Amino acid sequence: MMANTALLVIDLQNDYFPGGNYPLWHANETLKKVQKAIANAQQQKMPVIFIQHVANAENGTAPFFNKGTKGVQLHSALKDIAASSHLVVKQFADSFEQTDLALVLEELTVDSLLICGMMTQNCVTHTAISKSAESYEVAVISECCTTVDEMIHKIALNGLSPRVPLLSIEEAFKPNK
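Given the structure is predicted, the values throughout are model-derived calculations rather than measurements. (Residues numbered from 1 in each chain as written. Predicted model: local features only at pLDDT ≥ 70, side-chain atom pairs only at ≥ 80, totals over all residues. Heavy atoms only, no water.)

A.B. asks: Help me understand the overall build of the chain, please; the structure alone is not making it clear to me.
C.D. replies: Helix and strand counts for the chain come out as six helices and six strands. Starting at the N terminus, the α and β elements of the chain follow one another as β-α-β-α-β-α-β-α-β-α-β-α. Taking 177 residues into account, the globule formula puts the C-alpha radius of gyration at 16 Å, and the chain, at 15 Å, falls close to it. For the C-alpha atoms alone, the extent of the chain along its principal axes is close to 45 × 35 × 30 Å. In the chain, buried positions account for 49% of the 177 residues. Put simply, of all contacts in the chain between residues at least 6 apart along the chain, 77% involve residues at least 24 apart. As displayed, the chain has an accessible area near 8700 Å², and 50% of this comes from carbon and sulfur atoms. (Helix = DSSP H or I, 4+ residues; strand = E, 2+ residues; numbered from the N terminus. Rg over C-alpha atoms; globule rule 2.2 N^0.38 Å. Buried < 20%, exposed > 50% of the residue type's maximum accessible area, 1.4 Å probe, protein only. Contact = heavy atoms within 4.5 Å. Areas by Shrake-Rupley, 256 points an atom, 1.4 Å probe, with all protein chains shown as cover.)

A.B. asks: Honestly, helix 1 (residues 27–43) in this entry has me stumped. Any pointers?
C.D. replies: Spacing of three or four residues puts side chains on the same side of an α-helix, whose turn is 3.6 residues. For helix 1, with 17 residues, the first-to-last C-alpha span of 24 Å sits near the 24 Å given by 1.5 Å per residue. Within helix 1 the residues assigned to the buried category are Ala-27, Thr-30, Leu-31, Val-34, Ala-37, Ile-38, Asn-40 and Ala-41. On its buried face, helix 1 sits against strand 1 (5–10), strand 2 (48–53), helix 2 (79–83), strand 4 (112–118), strand 5 (137–146) and helix 6 (169–172). (Expected span 1.5 Å × (residues − 1).)

A.B. asks: I keep staring at the sheet that holds strand 3 (residues 86–90) and nothing clicks. Help me out?
C.D. replies: Neighbouring strands of a sheet are bound in pairs by backbone hydrogen bonds; such pairs are parallel or else antiparallel. Pairing within the open sheet is parallel, and its six strands lie in the order 3-2-1-4-5-6. Each edge of the open sheet carries a strand with a single partner, namely strand 3 and strand 6 (166–167). In terms of strand pairing, strand 2 meets strand 3 through five bridges, oriented parallel. From the neighbouring strand, Ile-51 faces strand 3, where its bridge partner is Val-88. Sitting on the sheet, helix 4 (residues 120–128) is in contact with strand 1, strand 2, strand 3, strand 4 and strand 5, with an inclination near 170 degrees to strand 4. In the packing of helix 5 (residues 150–160) onto the sheet, contacts are made with strand 5 and strand 6, and the angle to strand 5 comes to roughly 170 degrees. (Pairing = 2+ DSSP bridges. Axes fitted to C-alpha atoms, helices over the stretch in contact; angles between N-to-C directions.)

A.B. asks: Teacher, can you tell me more about the environment of Lys-131 here?
C.D. replies: By the secondary structure assignment, Lys-131 is in the loop between helix 4 and strand 5. A residue is classified by how much of its surface remains accessible, and Lys-131, at 66% relative accessible area, is exposed. For the pair formed by Lys-131 and Asp-94, sequence separation is 37 residues and the distance between their alpha carbons is 9.4 Å.

A.B. asks: Quick question: what am I supposed to make of unusual backbone geometry here?
C.D. replies: Residues apart from glycine generally show negative phi values, whereas peptide bonds are mostly found in trans. The omega torsion across Met-118 and Met-119 is -10 degrees, close enough to zero to call that bond cis. Considering the arrangement of structural elements, one finds Met-119 in the loop between strand 4 and helix 4. In this structure, Asp-11 is a non-glycine residue whose phi angle is positive, near 60 degrees. Among the structural elements, Asp-11 can be located in the loop between strand 1 and helix 1. Judged by its relative accessible area of 0%, Asp-11 falls in the buried class. Here the phi dihedral of Lys-45 falls at roughly 60 degrees; this positive angle occurs in a residue that is not glycine. Relative to the helices and strands, Lys-45 is located in the loop between helix 1 and strand 2. Given a relative accessible area of 75%, Lys-45 falls into the exposed group.

As structure tokens, then:
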């Protein structure tokens, strides 16, 4: 990755965890790995940007991520970190679509993105291959992503792999990479 890299943490929200409206496969294990990635980013003075999906209320009540609910909130294990990081709220799978993400990245002079989060085949993939992401060097930390089940997770990563590098946590945060 280039010198000015940011870590994007997509949709680690309560509805995707046990007890939420749409719990994902290995959500808690993924959270632990994302926390490790965040710690590595902080150690390298890399900006961490949290992406939070909030359903558009104009479309009626959604199955999950409704404004004002506990489920829409970032997981409580991330609250302290999130308080000192950037937060981008979105309504679409692509984290750039109708958000200020590009502006935040420009202000931080970011030229590379490490992406992790939920769901692999939807918000992670759509952000990684977004038209707006083409001006950045993009990689996905594959072990820091999850979705509804292992097969869909692996299919999504396989489909993404010809276009976007898939890295382990160790590869993503290797010094002088």
